[in-house]
Amino acid sequence: MRPILEVRNIAKLFKISHQSAGYLSLRERLLGVFRGEGLDREDFWALKNISFDVAPGESLGVIGRNGAGKSTLLKILSRITPPTKGRIVARGRIASLLEVGTGFHPELTGRENIYFNGSLLGMMRREIEGKFDEIVDFSGVEKFLDTPLKHYSSGMQLRLAFAVAAFLEPEILIIDEVLAVGDVEFQKKCMNKMESVAKGGSSLLFVSHQLGLVSKLCKNTILLGNGTVLAQGESSSIIDKYMDSVGVNNEFSAVGKANAQPYFFKRVRTLSIDGASAATYSHAEEICIEANFGRNETIKNVHLLAAVNNKNGQRIFSSDICLDDYTLSEDENTFKVTIPRSTLTPGTYSLLLALHIPNTVGYDMKDQICQFSIYDGGSEFTHFENRWFYGDVFVRCRWELVDGNNHQ
Amino acid sequence: MMNDNIEFVVDADRRRMLNWKELWSYRELFYFFTWRDIKIKYKQTALGFAWAVLQPLLMMIIFTFFFGRALNIPSQDLPYPIFVFSGLLLWNTFSSGLTSSANSMVNNAHIIKKIYFPKLIIPVSSILVALFDFLMAFLLFVPLLVFYGQPVSFMVIWAWPVAILLTLFATLGPGCLLSSLNVKYRDFRYVIPFLIQVLFFLTPVIYPINLLKYPFLQYVLACSPMYAAVELFRLPLTNTELNHSLVLMSVVSGLLLMAIGIYYFRRTEDFFADLA
């Protein structure tokens, strides 16, 4: 099958002129001509040699740090700005949502804005009329349809804007982190809509910092860095690479003024078995978590809990101990807990630590701290790599053939 | 528009021809931009569309008083109010169309930066808004003709639509040129009102061109693309002979400006999103 979007050797050069405003003043240009000098400009390649394909119906995620060139790539793909070099072939209608509600005007009513925005996004009037009721229904603003937009709350404006975009039916949909806003319920609604768009056969190009969302929506992902494609492939493996490149921080220490809580954390870090601070482990290594806490009171039945989160922030398992059995000092108590070897599968993880009385009261909780990653140092699972998602934990299960009659 | 055969290519070096096919596929957006601008222009105004009529009417009264009465400027055997109003009808279309189209790209920068569509739609739509104002004012022009008992020669009534078309062409060229220059150099924002003021006095709108005694000067003034439009618009009203060479000069100048304007616009439009 021919790709619906072919991107070949795209590069983009920006001339950075050293002045505050983005535009030029004619005077400076003329003065430059008379002095026989060019403007003081610097070349900046925002993108260099980007190539990739998108197959019909494929969802492709684009991730990378700020300044990696994600926005520039999106602008080029949505034809807002031309590439300096290279070529793009698109075999279908592209709709881009780089912003929700582009062209919304505060003086126009909700109804008028639906028509104008829909038309901007490339819908014909007939199409908008046909979907009008659905759009209004999805947005939930039917009572205010004939009210000028300036009287809408920002949440209502957002819902209306997304509703118009949701009913586009392009072959290629380009989305830039527009979901980062809005209340949780509406976000869920948008997610479902986007998933159904992707399932409906449209190709999706999704740029986001929310890695969990990327891994959920997109099968494949490309990682951009410094204007080039650093890696490209299955989303989960690319996200791991990205996490590595971001630089994992496996140490946590509480900063600021003294904590008034009865129990409070001071330092947490991950150690390898030889006691050195470490952020990467082979899957066959033991992982030690060292937690240091202080206390202001002595309370019965306080537990210290450590839990491991996967890269999407989902809890994998927890482990805790009751502190009643130990004699504690006032300000420095260091506990060490060891995760057995071959427990976690290759990937990136973070910790949650808590001091609490179970189901009663929490004194201190640190979530998403101490990132560390695990690589496959050659396990019995290696043959799955790139083809199968391991899951987060290795489990040694017992297999047996039950129907023994056919087998002596 | 759900067409599986759409294929487009973005190439780093491409041609600058007008893409008629694409403009046609976006034809509804011309309507929507015009419609939006008209709505916004007259929203929250107490008099609404009446402003489109009031402006030329008030200007006519002022000009009639100063130029017609006080200075006694000749008016091609027409009552001076008819003479000046017929000129102002088109001139206002030109000047308001030029002002709004010249600022249109900068004013719609937030849209250009976020979404793709043929950018030519923006200046063209601002000119269409001016055309709407013209139609409103024209509704006053007809009773005015009746009031002054002005005979209209229906043999040459074709000159009216031709004059309107010429006005649109005359506006489009400088409008496109200035709107793209304005994106790059904001200086033009201040040049535009001044330019229009100068052009107003250089174009025979409130005085007839033969007020100038030297044929050479007449040719210089005929370079104004609005001269032909105004002259043709008055054709069904006067018995004055049309000066064909002067009118042709103005038409050619208008078409040339239009070609330059659109060419420059096309050449620079790709980079508006980076500059605006």
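How each quantity is defined
- Residues numbered from 1 in each chain as written.
- Chains lettered and ligands numbered in written order.
- Predicted model: local features only at pLDDT ≥ 70, side-chain atom pairs only at ≥ 80, totals over all residues.
- Helix = DSSP H or I, 4+ residues; strand = E, 2+ residues; numbered from the N terminus.
- Buried ≥ 20, exposed ≤ 12 C-beta atoms within 10 Å, placed from the backbone.
- Contact = placed C-beta atoms within 7 Å.
- Nonpolar A, V, L, I, M, F, W, Y, C, P; charged D, E, K, R; others polar.
- Pairing = 2+ DSSP bridges.
- Axes fitted to C-alpha atoms, helices over the stretch in contact; angles between N-to-C directions.
- Parallel < 35°, antiparallel > 145°, perpendicular 65-115°, else oblique.
- Left-handed = near helix turned anticlockwise from the far one by under 90°.
- Core = buried A, V, L, I, M, F, W, Y, C linked by C-beta atoms within 7 Å.
- Expected span 1.5 Å × (residues − 1).
- pLDDT = per-residue confidence, 0-100.

Some words on the overall build of chain A
At step 1: When its secondary structure is counted, chain A shows 8 helices and 18 strands.
At step 2: Of all 408 residues assigned to chain A, the portion counted as buried reaches 38%.

Digging into the interface of chain B and chain A
At step 1: Each partner contributes residues to the interface: chain B has 30 residues there, and chain A has 39 residues.
At step 2: When residues of the side of chain B that touches chain A are traced back to their parent elements, those giving at least two are β1 (8-11), α2 (27-42) and α12 (272-275) of chain B.
At step 3: No other element matches the 6 residues that α2 of chain B contributes to the side of chain B that touches chain A.
At step 4: When grouped by side-chain class, the residues that make up the side of chain B that touches chain A number 17 nonpolar, no polar and 13 charged.

Section: the pairing of strand β11 (residues 263-271) of chain A
All names here are of chain A.
At step 1: Summarising the sheet, strand β10 (residues 251-253) and β11 pair through 3 bridges and their orientation is antiparallel. Its bridge partner lying in β11, S253 is registered against R267.
At step 2: Pairing analysis gives 8 bridges linking β11 to strand β13 (residues 287-295), with the strands arranged antiparallel. Bridging from a neighbouring strand, F264 pairs with G294 of β13.

Considering the packing of helix α4 (residues 80-107) of chain B against helix α7 (residues 159-184) of chain B
Residue and element names in this part refer to chain B.
At step 1: Running from N to C, α4 and α7 cross one another at 25°; their axes reach a closest spacing of 7 Å. What the angle tells us is that α4 and α7 run roughly parallel. Taken as a pair, α4 and α7 cross one another with a handedness that is right-handed. In this structure, α4 uses L90, T93, F94, G97, L98, S101, A102, N103, S104, M105 and V106 to contact α7, whose residues at the interface are A163, T167, A170, T171, P174, G175, L178, S179, S180, N182 and V183.
At step 2: Considering only residue class, the contact of α4 with α7 consists of 11 nonpolar, 11 polar and no charged.

Things to note about the environment of W20 of chain B
At step 1: Tracing the chain through its elements places W20 of chain B in helix α1 (residues 20-25).
At step 2: For the pair W20 of chain B and P215 of chain B, spaced 195 residues apart in sequence, the C-alpha separation works out to 41 Å.

Quick notes on the sheet that holds β13 of chain A
Residues and elements named next belong to chain A.
At step 1: Here we have 4 strands laid out as an open sheet, ordered β10-β11-β13-β16, and antiparallel in their pairing. This sheet does not close on itself; its edge strands, each paired only once, are β10 and β16 (333-339). Averaged over all adjacent pairs, the angle separating strand axes in this sheet is 20°, with direction ignored.
At step 2: Examined bridge by bridge, β13 and β16 share 7 bridges and lie antiparallel to one another. When the sheet's bridge partners are listed, N292 is paired in β16 with T334.

Quick word on the nonpolar core
Where a protein is soluble and globular, its nonpolar side chains tend to be buried together.
At step 1: Within the largest apolar cluster, 141 residues are counted, with the highest numbers of intra-cluster contacts made by V164, I174 and L205 of chain A together with L90 and A229 of chain B.
At step 2: With residues up to four places along the chain from it excluded, the contact list for I174 of chain A reads L74, L77, S78, I94, S96, L97 and L205 of chain A.

Regarding helix α11 (residues 244-268) of chain B
Residues and elements named next belong to chain B.
At step 1: Between its first and last C-alpha, α11 extends 36 Å over 25 residues, near the 36 Å set by a 1.5 Å rise per residue.
At step 2: Every buried residue of α11 is accounted for by L246, M249, S250, V251, G254, L257, M258, G261, I262, F265 and T268.
At step 3: Buried-residue contacts for α11 involve α7, α9 (215-221) and α10 (225-234).

A word on the environment of S318 of chain A
Residues and elements named next belong to chain A.
At step 1: Assignment of secondary structure puts S318 in strand β15 (residues 315-322).
At step 2: Residue S318 is classed as exposed on the basis of its 11 C-beta neighbours within 10 Å.
At step 3: Sequence spacing of S318 and G101 is 217 residues, and the spatial spacing of their C-alpha atoms is 43 Å.
At step 4: Other than its neighbours up to four places away in sequence, S318 contacts L305 and A307.

A word on the confidence of the model for chain B
Reading fine detail from the predicted coordinates is not recommended where pLDDT is low.
Residues and elements named next belong to chain B.
At step 1: Scored by pLDDT, chain B comes out at a mean of 86, with 94% of its residues at no less than 70.
At step 2: Ranking the helices and strands of chain B by mean pLDDT puts α7 first, with 94, and β1 last, with 70.
At step 3: The ipTM assigned to the predicted complex is 0.83, against a pTM of 0.72.

Here we look at the pairing of strand β14 (residues 303-309) of chain A
Residue and element names in this part refer to chain A.
At step 1: As paired elements, β14 and β15 share 7 bridges and run antiparallel to each other. Paired with H303 across the strands is C322, a residue of β15.
At step 2: Where β14 folds back on β15, the antiparallel hairpin that results is connected by 5 residues, among which G313 adopts a positive phi of roughly 85°.
At step 3: Both β14 and strand β17 (residues 347-357) contribute to a ladder of 7 bridges, which runs antiparallel. Note that in β17 the partner of L304 across the bridge is L355.

Topic: the packing of helix α4 (residues 125-139) of chain A against helix α5 (residues 154-166) of chain A
All names here are of chain A.
At step 1: Where α4 contacts α5, the two axes come as close as 8 Å, and the packing angle between them is 140°. By the angle class used here, α4 and α5 are oblique. At the point where α4 passes α5, the crossing takes the right-handed sense. Counting all contacts with α4, which are made through I135, F138 and S139, the residues of α5 involved are R159, L160, A163, V164 and A166.

Points about the sheet that holds β14 of chain A
All names here are of chain A.
At step 1: What the 5 strands build is an open sheet, ordered β12-β18-β17-β14-β15; its pairing is mixed. A strand with exactly one partner marks an edge of an open sheet, and here the two such strands are β12 (280-282) and β15. The average angle at which neighbouring strand axes cross in this sheet is 30°, direction not considered.

Things to note about unusual backbone geometry
Residue and element names in this part refer to chain A.
At step 1: Although it is not a glycine, N49 adopts a positive phi angle of roughly 55°.
At step 2: Looking at the secondary structure, you find N49 in strand β2 (residues 41-54).
At step 3: Positive phi, normally seen in glycine, also occurs at N301, with a value near 65°.
At step 4: Mapped onto the fold, N301 is located in the loop between β13 and β14.
At step 5: With 12 C-beta atoms counted inside 10 Å, the residue N301 sits in the exposed group.

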